[in-house]
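Letter by letter, the chains look like this.
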Amino acid sequence: MTGDVIPRSKTNPGHYFEDFRIDQEIVHATPRTVTEGDQALYLALYGSRYPLHCSADFAMDLGFEDMPLEDLLVFHIVFGKTVPDISLNAVANLGYAECVFGVPVYAGDTLRAVSRVIGLKENSNHRSGVVWVRTTGFNQDDDMVVDYVRWVMVRKREPGGDGAAVAPPVIPTLAPVVPAADLTVPDDLDLDGYDTDMVGQPDLWEDYQVGERIDHRTGQTIEEAEHQMATRLYQNTAKVHFNRFKQVQSPMGRRLVYGGHIISLVRAMSFNGLGNAFRVAAINAGSHSKPSFAGDTIHCWSEVLDKMEIPGRSDVGALRLRSVGVKDQVCADFPRLDEAGDYLETVVLDLDYTVLIPRRV
Amino acid sequence: MTGDVIPRSKTNPGHYFEDFRIDQEIVHATPRTVTEGDQALYLALYGSRYPLHCSADFAMDLGFEDMPLEDLLVFHIVFGKTVPDISLNAVANLGYAECVFGVPVYAGDTLRAVSRVIGLKENSNHRSGVVWVRTTGFNQDDDMVVDYVRWVMVRKREPGGDGAAVAPPVIPTLAPVVPAADLTVPDDLDLDGYDTDMVGQPDLWEDYQVGERIDHRTGQTIEEAEHQMATRLYQNTAKVHFNRFKQVQSPMGRRLVYGGHIISLVRAMSFNGLGNAFRVAAINAGSHSKPSFAGDTIHCWSEVLDKMEIPGRSDVGALRLRSVGVKDQVCADFPRLDEAGDYLETVVLDLDYTVLIPRRV
Amino acid sequence: MTGDVIPRSKTNPGHYFEDFRIDQEIVHATPRTVTEGDQALYLALYGSRYPLHCSADFAMDLGFEDMPLEDLLVFHIVFGKTVPDISLNAVANLGYAECVFGVPVYAGDTLRAVSRVIGLKENSNHRSGVVWVRTTGFNQDDDMVVDYVRWVMVRKREPGGDGAAVAPPVIPTLAPVVPAADLTVPDDLDLDGYDTDMVGQPDLWEDYQVGERIDHRTGQTIEEAEHQMATRLYQNTAKVHFNRFKQVQSPMGRRLVYGGHIISLVRAMSFNGLGNAFRVAAINAGSHSKPSFAGDTIHCWSEVLDKMEIPGRSDVGALRLRSVGVKDQVCADFPRLDEAGDYLETVVLDLDYTVLIPRRV
């Protein structure tokens, strides 16, 4: 036995609340070249049918170099990189805001991520605090592919310790909605050849009304192997998703599904009714109101919250949507809140986001 | 609440029996670029070992440009495109016929599908009818990759409604077997360099006898995550495969495995005994005699129904095969029919198809 | 019925002990072109984060042509090819030794495998014997990609038959450890640009001490669909991994997880503490001390057994490691042997292997 040898720990302890400083820049590890293999797995996991992401011919007809990866796949890969640095010691993920998607990502691109701390607020119990970070994902040409703010509650290294070590609270001001002028319309986008027959749905920007609600009329049951494979593909290391042994000892009693897996399921299922919404351009806010587990069947519905014109473009518009993911319940009645205004027990996602969709010309 | 806003439904209602017309052409949505990612997933799902489909070197030695995708993967992708238009309101899938495979499909090709209605027959109960369609899959050069007839029983929109709106029955005449002259031998196929060592089995066309039966002596257990991932990869939207919540309320009580998943399992397992049958050239007929569910272990056996020469080729011949998929039973006794001539409860597939296999020269 | 037709069996019976001869060369079937799809599936199955294998930019900065496949993925693919010839009639896998990894393997390479029988020893019960083979995997340029010795206990065709037919025992002498001089350092490896920030861990060769033990502090739960997909991807045909129907009748009562799946899980999880160990260079010995099943949660820890300099290189060194996989138990206490020196019931893997890691310059 060589138990006497005790060098410093080689494993990543993650950051605690005391470790974060305003304006601190965190370069995340694990650069990642995305491939056609990732795209195929994404299809197999969610069954997405947006032709922009599964047909190179369709994509090139619209001015893209090739079929771009799904926007949310890019988000998940960038998000995954931040977990070891930002949320390994998190108590809770509290929210997202100001998420915009940038240049399209193609198979062969290499993605990396950097975060900057933009807010810090210690909790009054001195055991934890809230950390706001702005994370930016880049491709190999240093073009922004996604940029978002996320805030999490992080444990202190020394609970109940001296709060004085921590600077006064800084709480960032966040936009409730990404303005239309801040949305990225891909360069060279040309919708002249947009063929709704290849989507199988006729409805364009003009056909949607603010307040309209759509039951997407489909459901997907989640299996443990599926959400585990997804989350590992994103190199997301949060233990709650993979470790049954640990989770059975937790109050939940079982593995939790990565919240982003639900977002992707809802985006894929909302194709049925929003098939021409070819791009997720922004995420304004999102709440994983209840956890999801393997065995849950997710249904969803959407509401059009707003219609926005895109400055300088008459061929493409934006829809601000609320999409609600619901487990083990159909969505004909658009379930969301109870009479007291709280989320129903069955609601697992309430996502406020913005999509691009062709206009009639 | 904005419940007053009720635009027309945005979701796809599918076609009902009244919506089909003889000679109607249906252009299916979702063009699909196939990739090496699809091939890898196909391997992971079925464990296929035909070297033509997993070795670029082996394929190019035979005159192919690259390793072609598995024939059945092409079938499933084309089939998947037809589901939202043809079988969303189907009561039952009744059969296939005259399925021929065309030009090889390579990673990078983009597939699309078109169907033509070739038969219609309203049922006497006026609640549904049978629709025959001929579906053709094309690549980006408009070459045919697969062409087949399928018939399904489809609900009427207005059950018991006026049958007079529907034209007199048209029942197509279908060939019981695809003739050898109609089989596609890939251009530039050159079997001079065919190396049975790379297959691990010596038997060629001459070694098989009509009436010979082969127990493939292997079995594969199906998991929910596997058949769900397969069916989503094919962008097949039939709800019975994905929605546990809905299925537990159905007579089956659980999710059904896509019938094509069983066909692919049987084709992969029949490698052990038919390893040199390098190409599925045609499907003559097929019956999913009983449904399959997760947890079933599929075994299979095959019978040589016929041996056919290929016009103009002395290097390659065809075998017409019956392959039978059986659940939770070994195949040493070649199970298929009971004494009354009905399928045994354990038989989940009875497939009549034609493969290409090298001849001794 | 055509039961009268009984040609010789078309299926592979595998080799029995009597079929092996010293110096016999066995050319294995199923050449395999590896792709980006394989890499993506490997990520999804194990969540590996070594940037050499997931970032083309990182790999090319180190002098590689592109990101190479994970070393263990190469091992599993080569190993899979040997199963139909070597271990289809095996009673037990007894060990590995002298495993060295050769030239890097890139997407697009085509792998094949050849084995040579180097040892034979009939058991005293005349029912089985031990077969030692040296297996070499090659790429399309006939460069060695992996080379290892494996020994298995194989049934005799005629149990209790005449042992005289079998030659006198030949037991090969195997090195307990692959010497540093026999490790392959990839051509053109240039560690000048090695960026530990992209790994997220600072520790290099100098930072590890012989005798140091590392709890990797993570666990992964195995699902049936996952290990089945992995093993099929490797075209490993061992029935115990796929056939629930057969396994429920066996003493184990259920499907066994392929031992290599555990090795890959442990390698991926040991990233947390060994992140800069960019290459598995050799496997010295390995024991799957207990079987693993779906539902098991695997944790792991490692011990530095030795530190080796690489002849002619001052920029890269080797660590000889013991990594131990443990099921349903955390590794803070480094579980391995009981007081009697036997493996604990929870230990599923004890792997002795050698990794390359940059040195400080």
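Now for a look at the structure at hand.

Reading the values: the criteria
- Residues numbered from 1 in each chain as written.
- Chains lettered and ligands numbered in written order.
- Predicted model: local features only at pLDDT ≥ 70, side-chain atom pairs only at ≥ 80, totals over all residues.
- Heavy atoms only, no water.
- Contact = heavy atoms within 4.5 Å.
- Buried area = accessible area lost by both parts, 1.4 Å probe.
- Salt bridge = Lys/Arg side-chain N within 4 Å of Asp/Glu carboxyl O.
- Helix = DSSP H or I, 4+ residues; strand = E, 2+ residues; numbered from the N terminus.
- Least-squares fit on C-alpha atoms with pLDDT ≥ 70 in both.
- Polar contact = N/O pair within 3.5 Å; in protein donor to acceptor, adjacent residues only side chain to side chain.
- Nonpolar A, V, L, I, M, F, W, Y, C, P; charged D, E, K, R; others polar.

Every contact between the two is made by 38 residues of chain A and, on the other side, 52 residues of chain C. Roughly 3,600 Å² of surface becomes buried between chain A and chain C when both sides are summed, with 56% attributable to carbon and sulfur atoms. Interface area lost by chain A to chain C is led by A:Lys10, A:Arg232 and A:Phe245, which between them contribute 20%. Across the salt bridge formed by C:Glu212 and A:Lys10, the nearest N and O atoms sit 2.5 Å from each other.

Residues and elements named next belong to chain B. Unlike most non-glycine residues, aspartate 23 shows phi in positive territory, near 75°. With respect to the element layout, aspartate 23 can be found in the segment before β1 (25-27). Unlike most non-glycine residues, phenylalanine 334 shows phi in positive territory, near 55°.

Residues and elements named next belong to chain B. Structurally, arginine 279 can be placed in strand β8 (residues 279-287). A sequence separation of 60 residues divides arginine 279 from glycine 219, and the C-alpha atoms of the two residues are 22 Å apart. With near-sequence residues (within four places) excluded, arginine 279 lies in contact with Asp71, Phe101, Gly102, Val103, Pro104, Thr184, Pro186, Arg267, Thr354, Val355 and Leu356.

This part is about the relation of the copies chain C and chain B. Superposing chain C onto chain B takes a rotation of 120° plus a shift of 0.0 Å along the axis, which leaves an RMSD of 0.0 Å. Viewed as a symmetry operation, the transformation between the two copies matches a three-fold axis. The position closest to the rotation axis in chain C is occupied by the C-alpha of C:Gly37, lying 2.3 Å away. Little of the interface of chain C is mirrored in chain B, where only 13% of its interface residues are also at the interface.

Of the residues lining the interface, 38 residues belong to chain C; the matching set on chain B comes to 52 residues. For the pairing of chain C and chain B, the buried interface totals around 3,600 Å² over both sides, and the portion due to carbon and sulfur atoms is 56%. When the buried surface of chain C facing chain B is broken down by residue, C:Lys10, C:Arg232 and C:Phe245 rank first, second and third, together holding 20% of it. At the junction of chain C with chain B, the criterion picks out three salt bridges. The interface formed by chain C and chain B holds 20 residue pairs in polar contact (both at pLDDT 80 or more) in total. Of all the secondary structure elements, the ones that give two or more residues to the side of chain C that touches chain B are β2 (32-33), α1 (36-46), α5 (224-233) and α6 (244-247) of chain C. Top element by residues in the side of chain C that touches chain B is α5(C). It accounts for six residues. Partitioned by chemical class, the residues of the side of chain C that touches chain B number 13 nonpolar, 15 polar and 10 charged.

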